[in-house]
Amino acid sequence: MDDKEKLLSDTLLRRAWIVLVVLTLGSALIAESVDPTAGVVIAVCLVVAIKGQLVIDRLMGLRHAPPLIRGLMLAYFYVLPVLIALGLIFPEQLRRLTTL
Amino acid sequence: MSRIEKPGADAVTAMLATDSKPTLEPASRQTPANIAVWVLIWAEVTEFALFFMAFLVVRSHNPELFAEGPTKLNTWAGVINTLLLLSSSYCVARAMAAIRIRKVNRCLRWLGATIGCGLGYCAVKVWEYQWNHASGFDSRTDIFYSLYYYLTLNHLLHVLVGMCAIGWAGLRTYWGHFTPDEHEGLEGAACYWHMIDLVWIIIFPLLYVMR
């Protein structure tokens, strides 16, 4: 492997890490300063999905893995944030659904 | 004990035979690590997903407690731990990149940094629990704190297991068990560690950010 390729790969990993740090600090800022409206909940869940995809594709290196392995991991970060957002935005409906 | 930093004769032969070269990226379309590791990872993330669903259901039945609870948590402890886990994932990714080009010493340094981040996470968690205790909160304060302690302690246990796995993979790297072509054990430990980070990516907003 030549130095150019190695440098590019190191740079991609470092960039992914920096983006993840920035997104985390952004979430912390939201936690400290904004009341969680539906828009904020959706934005935070979107950030979770982006962070998940970055870790799975870049840091975990599943970008070129078999579709089943990558797809199952990505599904976790596409489905769960949606369910969390729905649970947080519509708690009354969830309460009714889960009352025996 | 000096360790090999350049490809050995057998590795060069293998490279020529397959017309390939060492790469920082995992080989395309190959399952990283053993399939058993992926079954374990999927069992673990499913377990946490069920916890998250239970958290949402309990939250919907106790809106006041769950609106008030996160405001009393130490958000900065959550932020620092998120940064530590993301950094540890970066370190383990660099360790994997190093072993793929037979840079054993570099790989060991990055694995050491991964364990360092894990130790930092544990230290922050202890500080956070002490801070909670000093503020008058424990697992029996209310249902929010019961779930908070259950989720975070469970995750902490996974971090400790992950540190043991990375430590063992580091020892095997030091003993020369891994090469650019054969490093499945290290890859398995790395994938498990990334899983721990992925779960925390959801725990952090659920407990500390959303009120």
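It should be emphasised that the depicted structure is a prediction, and the values quoted were computed from it without experimental measurement.

## Regarding the overall build of chain B
Per the secondary structure count, chain B includes 7 helices and 0 strands. Reading the secondary structure of chain B in the N-to-C direction produces α-α-α-α-α-α-α. The long-range share in chain B, meaning contacts at least 24 apart out of those at least 6 apart in sequence, stands at 82%.

## Quick look at helix 2 (residues 38-59) of chain A
Along its 22 residues, helix 2 of chain A runs 31 Å from first to last C-alpha, staying within 8% of the 32 Å computed at 1.5 Å per residue. Just past helix 2 of chain A, the residue Gly61 of chain A takes up positive phi, approximately 75°.

## Description of helix 3 (residues 67-89) of chain A
In this model, helix 3 of chain A (23 residues) spans 32 Å end to end at C-alpha, consistent with the 33 Å of a helix rising 1.5 Å per residue. Buried residues of helix 3 of chain A: Ile69, Met73, Tyr76, Phe77, Leu80, Pro81, Ile84, Gly87 and Leu88 of chain A, and no others. For helix 3 of chain A, the elements touching its buried residues are helix 2 and helix 4 (91-97) of chain A together with helix 2 (35-61) and helix 7 (184-209) of chain B.

## A look at the nonpolar core
In terms of nonpolar packing, the biggest core is built from 80 residues, with Val92, Ala95 and Tyr192 of chain B touching the most fellow members. Within the residue set of this core, elements represented by two or more residues are helix 1 (3-33), helix 2 and helix 3 of chain A together with helix 2, helix 4 (75-100), helix 5 (104-134), helix 6 (143-174) and helix 7 of chain B. For this core, the leading source of residues is helix 7 of chain B, giving 19 residues. Once you skip the residues sitting within four places of it in the chain, Ala95 of chain B turns out to touch Cys107, Trp110, Leu111 and Thr114 of chain B.

## Quick word on the confidence of the model for chain B
Residues and elements named next belong to chain B. Per-chain confidence: chain B averages 88 in pLDDT, with 86% of residues scoring 70 or above. Of the regions scoring below 50 in pLDDT, residues 1-21 engages in 20 contacts with residues more than four places distant in sequence or in other chains. At the level of chain-chain contacts, confidence expressed as ipTM amounts to 0.90, with global pTM at 0.87.

## Describing the interface of chain B and chain A
Of the residues lining the interface, 46 residues belong to chain B; the matching set on chain A comes to 38 residues. Of all the elements in the fold, those that place two or more residues in the side of chain B that touches chain A are helix 2, helix 4 and helix 7 of chain B. The biggest single contributor to the side of chain B that touches chain A is helix 4 of chain B, with 12 residues. Of the residues that constitute the side of chain B that touches chain A, the class distribution is 29 nonpolar, 10 polar and 7 charged.

## Re the packing of helix 3 of chain A against helix 2 of chain B
Contact geometry for helix 3 of chain A and helix 2 of chain B: axes closest at 11 Å, N-to-C directions at 5°. By the angle class used here, helix 3 of chain A and helix 2 of chain B are roughly parallel. Facing helix 3 of chain A, whose interface residues are Ile69, Leu72, Tyr76, Leu80, Ile84 and Gly87 of chain A, helix 2 of chain B presents Trp38, Trp42, Val45, Ala49, Phe52, Leu56 and Ser60 of chain B. Per-class residue counts for the contact of helix 3 of chain A with helix 2 of chain B are 11 nonpolar, 2 polar and no charged.

## Thoughts on the packing of helix 2 of chain B against helix 7 of chain B
All names here are of chain B. The contact between helix 2 and helix 7 brings their axes to 10 Å, and the two run at 10°. Relative to helix 7, the element helix 2 is oriented roughly parallel. Here helix 2 contributes Val37, Ile41, Glu44, Val45, Phe48, Phe52 and Phe55 to the contact with helix 7, which in turn contributes Gly188, Cys191, Tyr192, Met195, Val199, Ile202 and Leu206. Along the lines of polarity and charge, the residues of the contact of helix 2 with helix 7 split into 12 nonpolar, 1 polar and 1 charged.

## Some details on the confidence of the model for chain A
The predicted structure's coordinates, where accompanied by low pLDDT, should not be read in detail. Within chain A, residue pLDDT values average 89, and 94% of them lie at 70 or more. The lowest-confidence element of chain A is helix 1 of chain A, averaging 84 in pLDDT; the highest-confidence one is helix 4 of chain A, averaging 95.

## What to know about the environment of Thr173 of chain B
All names here are of chain B. Take Thr173: it is sitting in helix 6. On a C-alpha basis, the gap between Thr173 and Leu108 in space is 7.2 Å, while along the polypeptide they are 65 residues apart. When sequence neighbours within four positions are dropped, the list of residues in contact with Thr173 reads Ile99, Val104, Cys107, Leu108, Leu111, Phe178 and Leu186.

## Describing unusual backbone geometry
Leave glycine aside and you will find that most residues have negative phi; peptide bonds, for their part, are mostly trans. All names here are of chain B. In the Ramachandran plot, Ala33 falls in the positive-phi region, its phi being about 65° despite a non-glycine side chain. Structurally, Ala33 can be placed in the loop between helix 1 (9-18) and helix 2. Since 22 C-beta atoms lie within 10 Å of it, Ala33 is described here as buried. Backbone geometry at Arg102 places phi at a positive 60°, although glycine is not the residue there.

## Looking at the environment of Phe55 of chain B
All names here are of chain B. When you line up the elements, Phe55 lands in helix 2. We classify Phe55 as buried; it has 21 C-beta atoms within 10 Å. A C-alpha to C-alpha distance of 9.3 Å links Phe55 and Leu151, two positions 96 residues apart in sequence. Apart from the residues within four sequence positions on either side, Phe55 is in contact with Leu147 and Leu206.

Thresholds applied
Residues numbered from 1 in each chain as written. Chains lettered and ligands numbered in written order. Predicted model: local features only at pLDDT ≥ 70, side-chain atom pairs only at ≥ 80, totals over all residues. Helix = DSSP H or I, 4+ residues; strand = E, 2+ residues; numbered from the N terminus. Contact = placed C-beta atoms within 7 Å. Expected span 1.5 Å × (residues − 1). Buried ≥ 20, exposed ≤ 12 C-beta atoms within 10 Å, placed from the backbone. Core = buried A, V, L, I, M, F, W, Y, C linked by C-beta atoms within 7 Å. pLDDT = per-residue confidence, 0-100. Nonpolar A, V, L, I, M, F, W, Y, C, P; charged D, E, K, R; others polar. Axes fitted to C-alpha atoms, helices over the stretch in contact; angles between N-to-C directions. Parallel < 35°, antiparallel > 145°, perpendicular 65-115°, else oblique.

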